[in-house]
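Examination of the molecular architecture
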Amino acid sequence: MSVSSTMKDSSTMNDSSIMNDSSTMSVRVRYAPSPTGLQHIGGIRTALFNYFFARAQGGKFILRIEDTDQERTTDESLEDLFAALEWLGIDWDEGPRRGGSYGPYIQSERVELHRKYAEQLVADGKAYRCYCTPERLDALRKEQERTRSKEKGYDRHCRNLSKAERDELEQSGQPSVIRLKVPEEGKTAFDDILMGTITRKNRDINPDPVLLKSDGFPTYHLANVIDDHLMGITHIMRAQEWIPSGPLHILLYEAFGWTPPLYCHLPMVMGKDGQKLSKRHGSTAVRDFRRDGYLPEALINYVSLLGWSYDDKTEFFTREELENVFSLEKINKAPGVFDYKKLEWFNGNYIRMKKPEALKELLIPYLIEDGALAQPPTAGQDALLDSLMPLVQERLKKLSDISEMTRFLFTDIPVPESADLIPKKSDAVKTIELLNTAAALLDAKWDEGIDVLEEAFRETSEELGIGLGALLMPVRAAATGSRISPPLFESLRLLGKERTLERIQLAAEKLQQEVQ
Ligand code: GLU
Ligand code: ZN
């Protein structure tokens, strides 16, 4: 890597010299999202790795908002980003809403600075103004396509303008952009902690990319490099899709005479089909996981294992543990596969670790939203919730499961469709008999307790020569309208004798109407 380490930074802002020796330097890492959409689970993985690395190293975690693409940036995405980080409990040491001595941390508030640095590169002969019109660039691209030219991208037309030509264009008021002079010969390389040395021929790098747009806004490359340098970033951990930008960034550091940070591009996050994780696979927005009732601790735990592992066996990590044990050495090269089932499994485990009272508080909003509970819940509903906790805690995979699981206790439910009442290989007439038998048993033995009831149902099913499941199935459907209710007899007990028998009767009547 040929990087000059002379600092020739004329900025009046904070600057820091960076040592490329991670044993002595104090770590400063950043998460630098562009708020152009909802916070994606892959972005959160990047944020978490940076955050844990900073904590484990006793360094600083910085949040920087890369919003120079003003057309795609939205306030909603910015709010969504803050909400996601807050919900997960990832706090930053420096950044928007918190401040710090390297601010501002929102790139659009730094454009004057970016502009100044771009001008400096022009003055130093490392970059140049390009006056080409969009029409010319468009015609150039079409011509390249038509002739299937090996030359792709900008033809460096303005790189070789004479001083007189430049002056004339400048005076005519022709808008211009600033482009980097990418060397036409040679190679550019950088070391990646995970991937090793990555080398690219300069002639394969985008010929003379735009650094400053005609509206005076920096492009991602310019703003990203300047801000990482000025903010004293020591390690860049970001998604692997940024590897192709690496050589260009190195050229920029060279052009400025700055030492680049260390790089560690993170393994891809994929769906089970080996494709980059996307909406096709399921939810990808943190907001959706939150709404569905994933716990932040489960999400943090699971996402931290996407491309990182402590050893071959340990699966459960609290955030505090990760803040201690996270290390770059344990990041895997292989892509992380996002397994929704596994996340659900983690979530179920974390739900079971909750204190019942805390779980109840988490579940109430789902039931209110669903219309099952009053807001706030009545005393009776609250007491019912308390008795429910031991029954549901074992069974919930997501908080949102509570609605389907327990709605029948809080509201009237429609009489199920007959298809949902009739056991496999049975019919309406037989099911009516089963319902009547069950109702009689419940009526007779209700006060003798769950064990006695269960035993009575078992005996009866044997007498009838059917499985216990076939006898219970229509009862469950009639009384709860749900396939995932808590254990049946407990559910019925909470529902109460009267409502139970009434629902069974309604179901039997509905089937009766179909038989006639
Ligand atoms: N703003 C870029 C993004 O949205 C940051 C990439 C980087 O970390 O350098 O991913
Ligand atoms: Zn040009």
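All of the points below concern the structure found in this document. (Residues numbered from 1 in each chain as written. Chains lettered and ligands numbered in written order. Predicted model: local features only at pLDDT ≥ 70, side-chain atom pairs only at ≥ 80, totals over all residues. Heavy atoms only, no water.)

1. Considerations on the overall build of the chain
Within the chain, the secondary structure is distributed over 20 helices and 11 strands. At 32 Å, the chain has a C-alpha radius of gyration far larger than the 24 Å of a compact globule built from 516 residues. With the C-alpha coordinates of the chain rotated into their principal frame, the extents come out at 105 × 55 × 40 Å. For the chain, long-range pairs separated by at least 24 residues make up 77% of all intrachain contacts whose partners lie at least 6 apart in sequence. As presented, the chain carries roughly 25000 Å² of accessible surface, and 49% of it is formed by carbon and sulfur atoms. (Helix = DSSP H or I, 4+ residues; strand = E, 2+ residues; numbered from the N terminus. Rg over C-alpha atoms; globule rule 2.2 N^0.38 Å. Contact = heavy atoms within 4.5 Å. Areas by Shrake-Rupley, 256 points an atom, 1.4 Å probe, with all protein chains shown as cover.)

2. Topic: helix H14 (residues 401-410)
Counting buried positions over the 10 residues of H14 gives 8, a clear majority of the element. All of the buried residues along H14 are Asp 401, Ile 402, Ser 403, Met 405, Thr 406, Phe 408, Leu 409 and Phe 410. Elements in contact with the buried residues of H14: helix H12 (356-369), helix H13 (379-393), helix H18 (468-480), helix H19 (488-495) and helix H20 (497-515). (Buried < 20%, exposed > 50% of the residue type's maximum accessible area, 1.4 Å probe, protein only.)

3. Remarks on the packing of aromatic side chains
Counted under the stated rule, the structure contains 24 aromatic pairs. Pairing Trp 345 with Phe 346 gives two aromatic rings, centres 5.2 Å apart and planes at 75°, and the pair type is edge-to-face. Classification of Trp 345 as partly exposed rests on a relative accessible area of 38%. What links up through ring pairs into an aromatic cluster is the set Phe 289, Tyr 294, Tyr 302, Phe 316, Phe 338, Tyr 340, Trp 345, Phe 346 and Tyr 350. The ring of Trp 92 has Arg 98 sitting right over it, with the charged end atom 4.9 Å from the ring centre. Above the plane of the ring of Trp 345 lies Lys 342, whose end atom (NZ or CZ) is 4.9 Å from the centre. (Phe/Tyr/Trp six-rings, centres within 6.5 Å; stacked < 30°, edge-to-face > 60°. Lys NZ or Arg CZ within 6 Å of the ring centre and 35° of its normal.)

4. A short note on the sheet that holds strand E3 (residues 127-130)
Pairing within the open sheet is antiparallel, and its 3 strands lie in the order E3-E4-E7. Of all the strands in the sheet, just E3 and strand E7 (210-212) have a single pairing partner and so form its edges. Within the sheet, the average angular offset between the axes of one strand and its neighbour, ignoring direction, is 45°. Note that E3 and strand E4 (residues 177-180) share 4 bridges and pair antiparallel. Bridge pairing in E4 places Arg 129 opposite Ile 178. (Pairing = 2+ DSSP bridges. Axes fitted to C-alpha atoms, helices over the stretch in contact; angles between N-to-C directions.)

5. Here's the deal with the packing of H18 against H20
Running from amino to carboxyl end, H18 crosses H20 at an angle of 110°, the nearest separation of the two axes being 8 Å. Comparing the axis directions of H18 and H20 gives the class roughly perpendicular. Contacts between H18 and H20 involve Val 475, Ala 478 and Ala 479 from the first element and Arg 503, Ile 504 and Ala 507 from the second. A per-class count over the contact of H18 with H20 returns 5 nonpolar, no polar and 1 charged. (Parallel < 35°, antiparallel > 145°, perpendicular 65-115°, else oblique. Nonpolar A, V, L, I, M, F, W, Y, C, P; charged D, E, K, R; others polar.)

6. Details of the coordination of the zinc ion (ligand 2)
When four donors bind a metal tetrahedrally, each ideal donor-metal-donor angle is 109.5 degrees, and when six bind octahedrally, the ideal angles are 90 or 180 degrees. On the protein side, the zinc ion (ligand 2) has Cys 130 (SG), Cys 132 (SG), Tyr 154 (OH) and Cys 158 (SG) as donor atoms, found 2.0 to 2.3 Å from it. Each of the 4 donor atoms around the zinc ion (ligand 2) contributes to a set of angles spanning 99 to 120°, which defines the coordination as tetrahedral. When the donor residues of the zinc ion (ligand 2) are listed from N- to C-terminus, their spacing reads C-x1-C-x21-Y-x3-C. Here Tyr 154 lies in the loop between helix H4 (134-146) and helix H5 (163-171) and Cys 132 lies in the loop between E3 and H4, a separation of 22 residues in the sequence. On the accessibility criterion, Tyr 154 (7% relative accessible area) is buried. (Donors = N, O, S within 2.8 Å, 3.2 Å for Na, K, Ca; no water. Tetrahedral: all angles 85-135°; square planar, octahedral: opposite > 155°, others 65-115°.)

7. Examining the pattern of salt bridges
In the structure shown here, the tally under the stated rule is 41 salt bridges. Connected through salt bridges with shared partners, the residues Arg 30, Arg 64, Glu 66 and Asp 228 form a single ionic network. (Salt bridge = Lys/Arg side-chain N within 4 Å of Asp/Glu carboxyl O.)

8. A look at the nonpolar core
Ile 331, Phe 338, Phe 410 and Phe 457 are the most contacted members of the largest nonpolar core, which has 101 residues in total. The element contributing the most residues to this core is helix H1 (residues 41-57), with 9 residues. Residues in contact with Phe 457, not counting those within four places in the same chain, are Ala 438, Leu 441, Leu 442, Leu 468, Leu 471, Leu 472 and Phe 489. Counting 33 residues, the second-largest nonpolar core is a separate cluster that includes Leu 113, Leu 180, Val 225 and Trp 258. (Core = buried A, V, L, I, M, F, W, Y, C linked by side-chain atoms within 4.5 Å.)

9. With respect to the site of ligand 1
For ligand 1, the full set of nearby residues is Arg 30, Ala 32, Ser 34, Glu 66, Tyr 220, Asn 224, Arg 238 and Trp 242. Arg 30 has a polar side-chain atom sitting 2.6 Å from an oxygen atom of ligand 1. Notes on ligand 1: free accessible area 300 Å², of which the protein chains cover 83%. Structurally, ligand 1 is housed in the largest pocket. Its residues placed into classes, the shell around ligand 1 shows 3 nonpolar, 2 polar and 3 charged. (Near = heavy atom within 4 Å. Polar contact = N/O pair within 3.5 Å; in protein donor to acceptor, adjacent residues only side chain to side chain. 1 Å grid on protein atoms, 1.4 Å probe; cavity = no way out; pocket = protein on both sides within 12 Å on 5 of 7 lines; lining within 4 Å. Sits in = over half its atoms within 2 Å of the grid points.)

10. Comments concerning the packing of H19 against H20
Interaxial distance between H19 and H20 falls to 6 Å at its minimum, and their mutual angle equals 110°. When the axis of H19 is compared with that of H20, the two are roughly perpendicular. Facing Leu 492, Leu 494 and Leu 495 of H19, the residues of H20 in contact are Arg 499, Thr 500 and Arg 503. Partitioned by chemical class, the residues of the contact of H19 with H20 number 3 nonpolar, 1 polar and 2 charged.

11. A closer look at the environment of Asp 75
Here Asp 75 is to be found in helix H2 (residues 75-88). Looking at Asp 75, the relative accessible area reads 65%, which means it is exposed. When the C-alpha atoms of Asp 75 and Pro 377 are compared, they prove to be 34 Å apart, with 302 residues separating the residues in sequence.

12. Considering the layout of surface pockets
Roughly 1200 Å³ of internal volume is contained in the largest pocket. What lines the largest pocket is a set of 43 residues, among which Pro 33, Ser 34, Gly 43, Glu 241 and Trp 242 lie closest to the centre. Of all the secondary-structure elements, those providing two or more residues to the lining of the largest pocket are strand E1 (28-31), H1, H2, helix H6 (220-230) and strand E8 (235-239). At 4 residues, the largest contribution of residues to the lining of the largest pocket is made by H1. Residues belonging to the lining of the largest pocket are distributed by class as follows: 17 nonpolar, 16 polar and 10 charged. (Points joined across faces, edges and corners; volume = space filled by probe spheres on them.)

13. Examining the environment of Glu 168
Looking at the element boundaries, Glu 168 is found in helix H5. Glu 168 sits in the exposed class, given a relative accessible area of 59%. Through-space distance from the C-alpha of Glu 168 to that of Leu 140 is 23 Å; in sequence the pair is 28 residues apart.

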